[in-house]
Amino acid sequence: MGTAAETMPSWRTIESVVASACRAPSLHNSQPWRWVLEPEGLTLSSDPDRILPATDSFGRQMVVSCGAALNHLKYALLEHHWDSVIERMPHSANRECLATVAFTPTAEVSESEISMATAIARRYTERLPMSAPTSWDDTLAQVTELAERAGTHVEDIGDRARPALEAMSLRLRGLRRENPVYQAELRWWAGHALYPDGIPSAALPAAPPGTVPVGREFPPGTATCDPGDLEDRAAILVLTTGSDSRLNWLRCGEALSALLLACTARGLGTCPVTHMTELGETRTRVGELLEGDGLPQVLIRVGIGPRAEPLSTTPRRPLSEVLFRDRSEA
Ligand SMILES: Cc1cc2nc3c(=O)[nH]c(=O)nc-3n(C[C@H](O)[C@H](O)[C@H](O)COP(=O)(O)O)c2cc1C
């Protein structure tokens, strides 16, 4: 058996990699995760206080968000020369426990792993219209492999299905404008500037025509683009899983993180889109647009964004609210 130094990164390293993990995307920037450092490694749990019941009634996107954080953690650890040994859905008295992560030192970290890790700080959600991605065949081959490695599947339904998706999205926006509970939740989380969670108005498009038809409707923000760049030509990917188990949701989040980081490393802008997969009827309709028979979980727009950097970085909660040390055996 190795010594503690060989099996456990320092506390400073743990703080650094968990901070990177928390740069993962999450529904409305709800950051529904909780990390505990135990003698054997890190435990990741979902935080049910951060579920968004009107938007995500089954907690599916809460678990997907945690999966994204788990995969971000894996690459952040590699950058520090630590490999992770992940057990998903371990037996635990804690019903929210999603994974445990043990560590082994590694000298071998590939260039592509480093580029995924360094993409963490640059990735952000681009909600403005984007141009069509360049070198798309290569990107598609890479993201397809990354999705399969996580036990999920990705399909590019861009131009073929764009008109149907746009029509569905616009109809759904209308329905949701009539839903006061959904609207109250959306306005609680989106369009503010003061909190370490939620979506600041700088990350939201200023009223139409800057909004993208296949995207979710948010309260108007302050992000704008050139009037010549209003048509969205982003590719549209759909991440699917074989079933709706919590394990598959977690794996879907891991795949989502991997896809977003790979695209960011290639200089592409990305935006997860989930309003159409939240409701049974539109989710079924998205499924019918696919060639495969998987369950649609998350759509992802990928393109060339109107700017190299976000106007402002969407904030994150302080580490003291999400990372804890289990001192029970100390
Ligand atoms: C499960 C999930 C669902 C999301 N759904 C949407 C969405 O429908 N529309 C959108 O614009 N962003 C969506 N996002 C992106 C989040 O709003 C974004 O990650 C969060 O605000 C943090 O901002 P950042 O990604 O720029 O760091 C989603 C992210 C996740 C993980």
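Under the annotation held in an unreviewed UniProt entry, the protein carries the name Nitroreductase family protein and is attributed to Rhodococcus koreensis.

**Observations regarding the packing of helix H3 (residues 60–79) against helix H4 (residues 111–122)**
Relative orientation of the contacting elements H3 and H4 amounts to 115°, with a least axis distance of 8 Å. With respect to the hand of their crossing, H3 and H4 are arranged in left-handed fashion. Residues His72, Tyr75, Ala76, Leu78 and Glu79 of H3 form the contact with H4, whose own contacting residues are Glu113, Ile114, Met116, Ala117, Thr118 and Ile120. Across the contact of H3 with H4, the residue classes break down as seven nonpolar, two polar and two charged.

**Overview of the sheet that holds strand S3 (residues 82–88)**
Ordered in space as S3-S4-S2-S1-S11, the five strands form an open sheet in which the pairing is mixed. Strand pairing shows two members of the sheet lacking a second neighbour, S3 and strand S11 (323–325), which therefore form its edges. Averaged over all pairs of adjacent strands, the angle between their axes in this sheet comes to 25°, without regard to strand direction. The pairing of strand S1 (residues 33–38) with strand S2 (residues 41–46) spans six bridges and is classified as antiparallel. Directly across from Arg34, in S2, lies its bridge partner Ser45. Packed onto the sheet, H3 meets S1, S2, S3 and strand S4 (97–105) and runs at close to 5° relative to S4. Helix-sheet contacts for helix H8 (residues 246–265) involve S2, S3 and S4, and the interaxial angle to S3 is about 155°.

Conventions used here
- Residues numbered from 1 in each chain as written.
- Predicted model: local features only at pLDDT ≥ 70, side-chain atom pairs only at ≥ 80, totals over all residues.
- Heavy atoms only, no water.
- Axes fitted to C-alpha atoms, helices over the stretch in contact; angles between N-to-C directions.
- Helix = DSSP H or I, 4+ residues; strand = E, 2+ residues; numbered from the N terminus.
- Left-handed = near helix turned anticlockwise from the far one by under 90°.
- Contact = heavy atoms within 4.5 Å.
- Nonpolar A, V, L, I, M, F, W, Y, C, P; charged D, E, K, R; others polar.
- Pairing = 2+ DSSP bridges.

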